[in-house]
Amino acid sequence: MEELYNFFKVWLSVLASLIYCYAIGTMVPKGSARFFCLLPILCLFLLLPLNLSSIHFRGMTAFFIAWLVNFKLLLYAFDKGPLSSSYDNNPSISFSRFLPVACFPIKIKRESHPNGDKPNPVRTKVQKSMTNYAVKGLLLAMVVRVYNYREFIHPNVILLLYFLHMYFFLELILAMVGVMARALLGLELEPQFNEPYLSTSLQDFWGRRWNLMVTSILRPTAYEPFLRISASVIGRRWAPIPAIFGTFVVSAVMHELMFYYVCLEKPTWEITWFFLLHGVCLMVEVALKKAVAGKWSLSRLISTPLTVGFLLATGLWLFFPQLLRCKVDVRAFEEYSALSAFLKNVGRASMNTIKS
């Protein structure tokens, strides 16, 4: 109960802070003045998750506010991004819309972009059914059940189960958040995942299928600034290559921060090396695509197993071992057990009340 109280206090602080941010946006012009007015909130959001002891509460709160909300507020300081007045060609954004868009990892589906381009067809055509989510929920429950027999399972298989656990958990949690946000906003939202196991390349995986909210927030905060700098040095044609690597550097730093919130241990920098490796490989991939200019490509039957195999191999090598070292699995199951016991006690209390 104490942890729930702390969770409530943290999010009450987030609410009060975002009221302040919205007011600043209406009174202070965009630019450095607005940025310095928002800077205390950016610092506060880095500290707030540390008030939580549950790895689930702390991890998800850190992802929501220390990363996504802070990046949205950085854009908001310069009237860019989903909180800006120009995002949907509206003269202003209402507070009832500002709050959920700021708080939640959601992206509103738009008919057109500010530059007049059509939306990415890969994203807009994705429609997730309830059956899709039900199957993934069932698979998540099966993965959790299999953990009971971990002493009989090879460590690499356990790491693979962690990957499946993370994917199913993230997709289901973000989908539930999306449902709540859709009910509040009354708007159609873009899905957060697009079946990443069907990826045909690293570019396809990172750009169109995996955790699309992070992709959409890294584009204006990291990729586009790096792209402008690179274009002024080496020209527009090859500018995306170093911009990709710069974006992965930012992503690596933020993932290290997220892992710190979860583990509360000194980083080993394996997560950084994971993202730097993928950044270099994606640079090579994009350079090769530019060199062949569409004259040759691998069949999906070949490219998909190669892509998924590379992701699994590098994840098992660099990404998931850190979770094992800080015993995230043990702590997570302790929390699952505590939640189960709490729900059973609530159920017994309810039944006793009904009988009396």
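Residues numbered from 1 in each chain as written. Predicted model: local features only at pLDDT ≥ 70, side-chain atom pairs only at ≥ 80, totals over all residues. Heavy atoms only, no water.

1. Topic: the pattern of salt bridges
For the structure on display, the rule yields 6 salt bridges. Measuring nitrogen to oxygen at the nearest pair gives 3.8 Å for the salt bridge that ties D204 to R208. Note that D204 and R208 are positioned in helix 8 (residues 202-209) at a spacing of 4 residues, about one turn of the helix. Judged by its relative accessible area of 29%, R208 falls in the partly exposed class. E285 is the salt-bridge partner of K289, the closest N and O atoms lying 3.1 Å from each other. Of the two residues, K289 and E285 are both situated in helix 11 (residues 270-292); the distance of 4 residues between them amounts to about one turn of the helix. According to the relative accessible area criterion, E285 is buried, its value standing at 15%. Salt bridges sharing partners connect three or more residues here, namely K136, E171 and E195. (Salt bridge = Lys/Arg side-chain N within 4 Å of Asp/Glu carboxyl O. Helix = DSSP H or I, 4+ residues; strand = E, 2+ residues; numbered from the N terminus. Buried < 20%, exposed > 50% of the residue type's maximum accessible area, 1.4 Å probe, protein only.)

2. Some details on the layout of surface pockets
Taken as a whole, the second largest pocket spans an internal volume of roughly 980 Å³. Elements that contribute at least two residues to the lining of the second largest pocket include exactly helix 1 (2-27), helix 3 (55-77), helix 6 (130-146), helix 7 (155-185) and helix 14 (328-355). Considering each element in turn, the lining of the second largest pocket owes the most residues, 7 residues, to helix 14. For the lining of the second largest pocket, a count of residues per class yields 20 nonpolar, 5 polar and 2 charged. (1 Å grid on protein atoms, 1.4 Å probe; cavity = no way out; pocket = protein on both sides within 12 Å on 5 of 7 lines; lining within 4 Å. Points joined across faces, edges and corners; volume = space filled by probe spheres on them. Nonpolar A, V, L, I, M, F, W, Y, C, P; charged D, E, K, R; others polar.)

3. Comments concerning the environment of W238
Locating W238 in the fold gives a position in the loop between helix 9 (212-234) and helix 10 (240-263). Residue class for W238 comes out partly exposed when judged on its relative accessible area of 34%.

4. Some details on the packing of aromatic side chains
One pass over the full model with this rule turns up 29 aromatic pairs. Consider the rings of F35 and F36, whose centres lie 5.3 Å apart with planes at 70°: the pair is edge-to-face. Among the residues examined, F36 registers a relative accessible area of 55% and is labelled exposed. On the basis of an interplanar angle of 85° and a centroid distance of 6.0 Å, the ring pair of F163 and F320 is categorised as edge-to-face. Of this pair, F163 sits in helix 7 while F320 sits in the loop between helix 12 (300-319) and helix 13 (321-325), placing them 157 residues apart in sequence. By relative accessible area, which is 4% here, F320 ends up buried. Residue placement shows R34 over the ring face of Y76; its charged tip is 5.1 Å from the ring centre. (Phe/Tyr/Trp six-rings, centres within 6.5 Å; stacked < 30°, edge-to-face > 60°. Lys NZ or Arg CZ within 6 Å of the ring centre and 35° of its normal.)

5. Observations concerning the state of the cysteines
Applying the stated criterion across every chain yields a total of 1 disulfide. Each sulfur in the disulfide pair C263 and C326 lies 2.3 Å from the other. In this pair, C263 is assigned in helix 10 and C326 in the loop between helix 13 and helix 14, connecting sequence segments 63 residues apart. Of the two residues, C263 and C326, neither departs from the other in class, the shared state being buried. Here C37 is not disulfide-linked; the sulfur of C21 is the nearest cysteine sulfur, at 10.0 Å. By relative accessible area, which is 24% here, C37 ends up partly exposed. (Disulfide = S-S within 2.5 Å.)

6. Details of the side chain of T304
Counting through the fold element by element, T304 comes out in helix 12. Residue classification places T304 among the buried residues on the basis of a relative accessible area of 13%. Residues in contact with T304, not counting those within four places in the same chain, are Y197, L198, S199 and T200. (Contact = heavy atoms within 4.5 Å.)

7. Things to note about unusual backbone geometry
At E195, a position not held by glycine, the phi torsion is positive, near 45°. Topologically, E195 is positioned in the loop between helix 7 and helix 8. The class for E195 is buried, based on a relative accessible area of 10%. The phi angle at N211 is positive, at roughly 40°, despite the residue not being glycine. With respect to the helices, strands and loops of the structure, N211 is situated in the loop between helix 8 and helix 9. Take N211: its relative accessible area is 9%, and that puts it in the buried class.

8. Description of the environment of H278
Examined against the element boundaries, H278 turns out to sit in helix 11. Using a relative accessible area of 0% as the deciding quantity, one classes H278 as buried. As a C-alpha pair, H278 and F248 span 30 residues in sequence and 7.7 Å in three-dimensional space. Polar side-chain contacts of H278 include one of 3.3 Å to the side chain of W206. (Polar contact = N/O pair within 3.5 Å; in protein donor to acceptor, adjacent residues only side chain to side chain.)

9. Considerations on the confidence of the model for the chain
Mean pLDDT over the chain stands at 84; residues scoring 70 or higher make up 88%. Considering each helix and strand of the chain separately, the mean pLDDT is smallest for helix 5 (residues 121-124), with a value of 41, and largest for helix 2 (residues 32-47), with 96. Every residue in residues 112-126 scores below 50 in pLDDT, and together they form 23 contacts with partners more than four places removed in sequence or on other chains. (pLDDT = per-residue confidence, 0-100.)

10. Quick look at the packing of helix 1 against helix 2
Axis separation between helix 1 and helix 2 bottoms out at 10 Å; the angle between their running directions is 170°. What the angle tells us is that helix 1 and helix 2 run roughly antiparallel. Contacts between helix 1 and helix 2 involve V14, S17, L18, Y20, C21, I24 and G25 from the former and R34, C37, L38, I41, L44 and F45 from the latter. Among the residues making up the contact of helix 1 with helix 2, the classes are represented as 10 nonpolar, 2 polar and 1 charged. (Axes fitted to C-alpha atoms, helices over the stretch in contact; angles between N-to-C directions. Parallel < 35°, antiparallel > 145°, perpendicular 65-115°, else oblique.)

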